[in-house]
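Here is how the chains run, residue by residue.
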Amino acid sequence: MAERERDRKIEFAQTLTERDYREAGRAAEETAHPSRRRWVRVCACLTAAGFSASLIPASLRAFRTALPALLPAAALALLALGVWAFHAEIAGGRAGRRFRACPLLALPQRVTLGRDRAVIRSEYEKSVRYWTEFPLCVETPRLFAAAGGQWGRALLIVRKDSLPGGDAAEAEKLLAGAFGRRYCKIGKRGERRWNR
Amino acid sequence: MEPVTVSFAFTEEDAVRQREAQAALALPGPYRFSAAALGALFLLLAAAVPAFRLPYRWGGAMAAACGVFLLFLLRPMLRAMLRRGAAEDFAAGRFGPAAQTVRFLPDAVEFRDERYEGRIPYGMLHAAYEDEKTLLLCLGESECRAVPLRAMDGEDRRRAEALLKDRMGRKFLQEGAREWTK
């Protein structure tokens, strides 16, 4: 009985969009490489701007003008502003490009999630992906993304709104169990942070 | 028309060839030519320093170093890194199952291995690329499957090429077709 419970499979149909792919790509990238997160990059730019601004007195003494220190400080402050404003657009760009380049990704698919693998079927293909292939699984408020697969497709995405009622919690339990410490839940602030 | 069926076991050498073909596809001839042209320009600048008795000796030396690097060292260095990475990835099993079958049908190309089955219409392939050792079939920007040409005899190769040329048009690139840019 316990074995049957452990081997329970979740079956559902979904159609992925570019927005899903961008969101999953960004979530996976920022989880795997924390230095690529928006606030880390903004802080790096502001730190460099502050350091440059701290050289203004030295610049005044040496060159009798603040411009050599002021200009880089202003440029870095502007860069920080730009990163803050456009990070969401740029960060998922690579995943979005991959989605547009592969028409197979936009086809409706039937997914079966199991304890050790996922089976994905679409009109033209059927593939079996084992969880051990992926170094990381990220859960955002809208989806689950197994990321970093080196063979075949790098991202395996499960949209929560495609899962039948109650199965989102079941899928979370299943993936958290399969990935163990490689499972990561992000976006505590909810829709606002991840769905732009 | 009879389909062309190719069955093969993927080896480390095939993995290296696949990566080389992917790199050639991602970095087309004009880019490689530009790096070489820039290297030649740097060398000319370096030669101009003693020729016209210009005072920029250190600048000339730097230009000479950049020129030699771009013209003679960049490509062999990238190739060595690529070969090493491919061999490591093959050893780690990142090239998927070894035994694969690819069939070129009149309307689609069929892939079959222990974890993937696909019958992809030619129009849905992102690109196809062929050099003297490998035929690369790309389902997406970074998702490619390689067919080692040693697994096909001359007749099969001609028929597969004819099918790809006819069905994919400009999306099928052959390295020999742009020999002048190499």
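Remember, it's a predicted structure, so these values are computed and weren't measured experimentally. Counting from 1, residues in each chain are numbered in the order their sequence is written. Chain A is the first chain written and ligand 1 is the first ligand written, with later ones labelled in order. Local features in a predicted model are, by the rule used here, given only for residues with pLDDT of at least 70; side-chain atom pairs are given and counted only at 80 or more, and totals for whole chains, interfaces and linings are based on all residues.

**Some thoughts on the sheet that holds strand S8 (residues 183-185) of chain A**
Residues and elements named next belong to chain A. Strand order in the open sheet formed by 4 strands is S7-S6-S5-S8, and the pairing between neighbours is mixed. Only two strands of the sheet have a single neighbouring strand rather than two, namely strand S7 (155-159) and S8. This sheet shows a mean twist of 15° between the axes of neighbouring strands, independent of strand direction. We treat two strands as partners when DSSP finds at least two bridges between them. Secondary structure is summarised from DSSP: a helix means a run of H or I of at least four residues, a strand means a run of E of at least two, and numbering begins at the N terminus for each. Pairing between strand S5 (residues 136-139) and strand S6 (residues 143-147): 4 bridges, direction antiparallel. Of the residues in S6, the one forming a bridge with Leu136 is Ala147. Packed onto the sheet, helix H2 (residues 18-32) meets S5, S6, S7 and S8 and runs at close to 120° relative to S7. An axis is simply a line fitted to the C-alpha atoms; with a helix, the fit covers only the stretch in contact. Between two such axes, the angle follows the N-to-C directions and lies from 0 to 180 degrees. Any pair of residues counts as being in contact when their C-beta atoms, constructed from backbone geometry, are within 7 Å of one another.

**A word on the environment of Lys171(B)**
Residues and elements named next belong to chain B. Mapped onto the elements, Lys171 comes out in the loop between helix H4 (154-168) and strand S8 (172-174). For the exposure call, what matters is how many other C-beta atoms sit within 10 Å of a residue's own: 20 or more marks it buried, 12 or fewer exposed, and in between partly exposed, using C-beta atoms placed from the backbone. We classify Lys171 as partly exposed; it has 15 C-beta atoms within 10 Å. Residues Lys171 and Ala92, spaced 79 residues apart in sequence, show a C-alpha to C-alpha distance of 31 Å.

**Digging into the packing of helix H1 (residues 12-26) of chain B against helix H3 (residues 57-91) of chain B**
Residue and element names in this part refer to chain B. H3 packs onto H1 with a crossing angle of 130° between their chain directions and a minimal axis gap of 9 Å. The angle between the axes of H1 and H3 places the two elements in the oblique class. The crossing of H1 and H3 is right-handed. Residue-level contacts link Glu12, Ala15, Val16, Arg19, Glu20 and Ala23 of H1 to Leu82, Arg83, Gly85, Ala86, Ala87, Asp89 and Phe90 of H3. Residue type decides the class: Asp, Glu, Lys and Arg count as charged, Ala, Val, Leu, Ile, Met, Phe, Trp, Tyr, Cys and Pro as nonpolar, and the leftover types, Gly among them, as polar. Counted by class, the contact of H1 with H3 contains 7 nonpolar, 1 polar and 5 charged residues. Each angle gets one of four labels, with under 35 degrees taken as roughly parallel, over 145 as roughly antiparallel, 65 to 115 as roughly perpendicular, and the rest as oblique. Here a crossing is called left-handed whenever its near helix is offset anticlockwise from the far helix by less than a right angle, and right-handed whenever the offset is clockwise.

**Here we look at the sheet that holds strand S5 (residues 127-130) of chain B**
Pairing between sheet strands relies on hydrogen bonds along the backbone, with the strands arranged either parallel or antiparallel. All names here are of chain B. Ordered by their spatial adjacency, 4 strands build an open sheet running S7-S6-S5-S8, and the pairing between neighbours is mixed. Looking along the sheet, the strands with just one partner apiece sit at the ends: strand S7 (144-148) and S8. In this sheet, adjacent strand axes meet at a mean angle of 15° when their direction is disregarded. Inspection of the sheet shows S5 paired to strand S6 (residues 134-138) by 4 bridges, in the antiparallel sense. Looking at S6, one finds that Ala128 is bridged to Leu137. This element, H1, spans S5, S6, S7 and S8 of the sheet and lies at about 125° to S7.

**A short note on the domain arrangement of chain A**
Residues and elements named next belong to chain A. Annotation of chain A at the domain level lists domain 1 (2-32 + 92-194) and domain 2 (36-91). These domain limits were set by an automatic method or by a database of domain assignments. The centre of domain 1, based on its C-alpha atoms, is set 38 Å off from the matching centre of domain 2. Taken together, the contacts link 5 residues of domain 1 with 5 residues of domain 2. Broken down by element, the side of domain 1 that touches domain 2 gets its largest block of residues, 3 residues, from H2.

**Considering the nonpolar core**
Soluble globular proteins tend to bury their nonpolar side chains together. Buried Ala, Val, Leu, Ile, Met, Phe, Trp, Tyr and Cys residues form a nonpolar core when they are connected through C-beta atoms within 7 Å. Of all hydrophobic cores here, the largest spans 53 residues; its most connected members are Ala24(A), Ala145(A), Leu155(A), Ile157(A), Leu136(B) and Leu137(B). For this core, the leading source of residues is S6(A), giving 5 residues. Beyond its immediate stretch of four places on either side in the chain, Leu136(B) contacts Gln18(B), Ala21(B), Gln22(B), Leu25(B), Ala128(B), Tyr129(B), Cys144(B) and Ala146(B). Judged by nonpolar contacts, the second largest core, of 6 residues, contains Phe10(B), Ala15(B), Val16(B) and Ala86(B).

**Observations regarding the interface of chain B and chain A**
Between chain B and chain A, the contact holds 17 residues from the first and 15 residues from the second. Among the elements that make up the side of chain B that touches chain A, the one with the highest residue count is strand S4 (residues 116-121) of chain B (5 residues). Its residues placed into classes, the side of chain B that touches chain A shows 5 nonpolar, 5 polar and 7 charged. Across 3 bridges, strand S4 (residues 125-130) of chain A lies against S4(B) in antiparallel orientation. Across the sheet, the residue bridging to Lys126(A) is Glu117(B), located in S4(B).

**Brief notes about the packing of helix H4 (residues 56-63) of chain A against helix H5 (residues 67-91) of chain A**
At their nearest, the axes of H4(A) and H5(A) sit 7 Å apart, and the two run at 145° to each other. Counting all contacts with H4(A), which are made through Ile56(A), Ser59(A) and Phe63(A), the residues of H5(A) involved are Pro68(A), Ala69(A) and Leu70(A).

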